[in-house]
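# A look at the structure
The primary structure of each chain is shown beneath.
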Amino acid sequence: QVQLVESGGGLVQAGGSLRLSCAASGRIFSNYAMGWFRQAPGKEREFAAAINWGGDTTYYADSVKGRFTISRDNAKNTVYLQMNSLSSEDTAVYYCAASTQRTPPLLRSSLWYTYWGQGTQVTVSS
């Protein structure tokens, strides 16, 4: 059993930045790949970013590539999502998730994730 808790969301102006955090507990954090998904109002949940067990391989959706950076600190059992150059298109509830999948490209699909956090709201004003 793994529990994931997101934090760091809030209201930010267009062009601004936020850093989301996801704290894990219950099992060995370093055994899991981690991902970030987001769900905008009226839309389906979509993939944003993922990182492998060792933290040396990352994968990003085209919509966030170059603006978002995913990282992890296994000693702190925490994964981060640094979000820069935010626009109204980034407004969504952001979820972190844990997976045993070892191939980063496959982490684009929510099918491979076993554990999910409750989500944190990010609102970007125009």
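This is a predicted model, so every value here is computed, not measured.

Once that is clear, we can look at the side chain of Arg-38. Inspection of the secondary structure puts Arg-38 in strand β4 (residues 33–39). Overall, the relative accessible area of 4% leaves Arg-38 in the buried class. In terms of polar contacts, Arg-38 uses its side chain to reach the side chain of Ser-63, at 3.5 Å. A distance of 2.8 Å separates a polar atom in the side chain of Arg-38 from a polar atom in the side chain of Asp-90. Aside from chain neighbours lying at most four places away, what touches Arg-38 is Glu-44, Arg-45, Glu-46, Ser-63, Val-64, Phe-68, Glu-89, Asp-90, Ala-92, Val-93 and Tyr-94.

Taking every second residue as pointing to the same face, the buried face of strand β11 (residues 120–125) carries Thr-120, Val-122 and Val-124, while none of Gln-121, Thr-123 and Ser-125 on the other face is buried. In this structure, strand β2 (residues 10–13) lies alongside β11, joined through four bridges in parallel fashion. In the strand pairing of β11, Val-12 is matched with Val-124. Relative to β11, strand β9 (residues 92–99) runs antiparallel, the two being bridged by three bridges. Of the residues in β11, the one forming a bridge with Tyr-94 is Thr-120.

To continue, consider the pattern of salt bridges. By the definition in use, this model includes four salt bridges. Close ionic contact of Arg-38 with Glu-46 constitutes a salt bridge, the shortest N to O distance being 2.8 Å. A salt bridge links Arg-38 to Asp-90, with the shortest nitrogen-to-oxygen separation between them at 2.8 Å. With Arg-38 in strand β4 and Asp-90 in the loop between β8 (78–83) and β9, this residue pair connects regions lying 52 residues apart in the sequence. On the basis of relative accessibility, which here comes to 1%, the residue Asp-90 falls in the buried class. Several salt bridges share partner residues, and in doing so they unite Arg-38, Glu-46, Arg-67 and Asp-90 into one network.

Cut-offs and rules
Residues numbered from 1 in each chain as written. Predicted model: local features only at pLDDT ≥ 70, side-chain atom pairs only at ≥ 80, totals over all residues. Heavy atoms only, no water. Helix = DSSP H or I, 4+ residues; strand = E, 2+ residues; numbered from the N terminus. Buried < 20%, exposed > 50% of the residue type's maximum accessible area, 1.4 Å probe, protein only. Polar contact = N/O pair within 3.5 Å; in protein donor to acceptor, adjacent residues only side chain to side chain. Contact = heavy atoms within 4.5 Å. Pairing = 2+ DSSP bridges. Salt bridge = Lys/Arg side-chain N within 4 Å of Asp/Glu carboxyl O.

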